[in-house]
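# Breakdown of the fold
One-letter residues, chain by chain:
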Amino acid sequence: KDTKIEDAFDWQKQHFKSLEAAYRTSPFFEYFEDDIRPVFEQKHTYMMDLNFKIMEILSGCLGMELKYNKTEVYFHEVSNVQDYRHLTNGKKDISQFDPYTQVFGDKHGYINNLSILDLLFNEGRYALDYLKKQTL
């Protein structure tokens, strides 16, 4: 909650241009472009605020309600709730998801667990159905 976002360079503009270059030809980029643009235009001071804004936008794009509670302290172990933090460890990603059509699939083949934006831009409103069919 106290991690500040570096704003000495225009990272947001660079990131959005990269997304455009990679996904402009995807089936659903234009459909969601106006929904995701605020992430790259609004300035946030703290990383946590930006993360919550991103979750709000993405859950809206997916057409799902995302319920969460903020805590005041970090819990190393939790009980009585589903703990999915292990899914965010990119170094030990053992998840295997069903392939879907990706923009550069003909060049690179299917890239597993690439990003939620990749799934959204390629599968559109079917992205949530796709996610529900996957096993964790």
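Structure's up top.
Notes on the structure in this doc start here. None of these values were measured; they are calculated from a predicted model.

## Section: the overall build of the protein chain
- Counting its regular elements, the protein chain contains six helices and zero strands.
- Taken from N to C terminus, the helices and strands of the protein chain fall in the order α-α-α-α-α-α.
- Principal-axis analysis of the C-alpha atoms gives the protein chain an extent of 45 × 40 × 30 Å.
- Going through the 136 residues of the protein chain one by one, you find that 26% of them count as buried.

## Some details on the nonpolar core
- Residues Leu19, Ile36, Phe40, Cys61, Leu117, Leu120 and Phe121 are the most contacted members of the largest nonpolar core, which totals 23 residues.
- Secondary structure elements with two or more residues in this core: α1 (11–23), α2 (29–36), α3 (47–62), α5 (116–123) and α6 (127–133).
- The element best represented in this core is α3, accounting for five residues.
- When sequence neighbours within four positions are dropped, the list of residues in contact with Leu117 reads Leu19, Ile36 and Leu58.

## Considering α2
- For α2, the full list of buried residues reads Phe29, Phe32, Glu33 and Ile36. For α2, the angular spread of buried residues about the axis comes to 135°, placing them on one side. Of the exposed residues in α2, the ones pointing more than 90 degrees away from its buried face are Glu30 and Asp34.
- Contacts made by the buried residues of α2 are with α1, α3 and α5.

## Some details on the pattern of salt bridges
- Taken as a whole and judged by the stated rule, the model has seven salt bridges.
- Measuring nitrogen to oxygen at the nearest pair gives 2.8 Å for the salt bridge that ties Asp83 to Arg85.
- According to the relative accessible area criterion, Asp83 is partly exposed, its value standing at 32%.
- Residues participating in the shared-partner salt-bridge network are Glu20, Arg24, Glu30, Glu33 and Arg37.

## Re α3
- With 16 residues, α3 should cover 22 Å at 1.5 Å per step; its first-to-last C-alpha distance of 22 Å lies within 8% of that length.
- For α3, the full list of buried residues reads Leu50, Phe52, Ile57, Leu58, Ser59, Cys61 and Leu62.
- Close packing links the buried residues of α3 with α1, α2, α5 and α6.
- Phi turns positive, to about 75°, at Gly63, one or two residues after α3.

## Topic: the environment of Thr135
- As for its position among the elements, Thr135 is in the segment after α6.
- In this structure the C-alpha to C-alpha distance between Thr135 and Ser95, which are 40 residues apart in sequence, comes to 8.6 Å.

## Let's talk about the side chain of Glu123
- Mapped onto the elements of the fold, Glu123 is located in helix α5.
- Beyond its immediate chain neighbours, meaning those up to four positions away, Glu123 contacts Phe28, Tyr100 and Thr101.

## Let's talk about the environment of Gly63
- Among the secondary structure elements, Gly63 is positioned in the loop between α3 and α4 (105–108).
- The class for Gly63 is exposed, based on a relative accessible area of 54%.
- Spatially, the C-alpha atom of Gly63 lies 9.8 Å from that of Tyr126, the residues being 63 residues apart in sequence.
- When near neighbours in sequence (up to four residues on either side) are disregarded, Gly63 contacts Arg125 and Leu128.

The rules behind these values
Each chain has its residues counted from 1, running along the sequence as written. The predicted origin of the model limits local features to residues at a pLDDT of at least 70 and limits the giving and counting of side-chain atom pairs to 80 or more, whereas totals for whole chains, interfaces and linings rest on all residues. Water and hydrogen atoms play no part in the side-chain values, which are based on all heavy atoms of the structure. By definition, any uninterrupted DSSP run of H or I lasting at least four residues is a helix, any uninterrupted run of E lasting at least two residues is a strand, and each is numbered from the N terminus. Summary of the burial criterion: residues with accessible area below 20% of their type's maximum are buried, those above 50% are exposed, and those between are partly exposed, where the area comes from a 1.4 Å probe applied to protein chains only. We define a nonpolar core as any set of buried Ala, Val, Leu, Ile, Met, Phe, Trp, Tyr and Cys residues linked to one another through side-chain atoms lying within 4.5 Å. Two residues qualify as a contact provided that any one of their heavy atoms is within 4.5 Å of a heavy atom in the partner residue. Our arc is simply the arc of the directions from the helix axis toward the C-beta atoms. Throughout this description, the term salt bridge denotes a Lys or Arg side-chain nitrogen within 4 Å of a carboxyl oxygen of Asp or Glu. An expected span of 1.5 Å times one less than the residue number is assigned to each helix.

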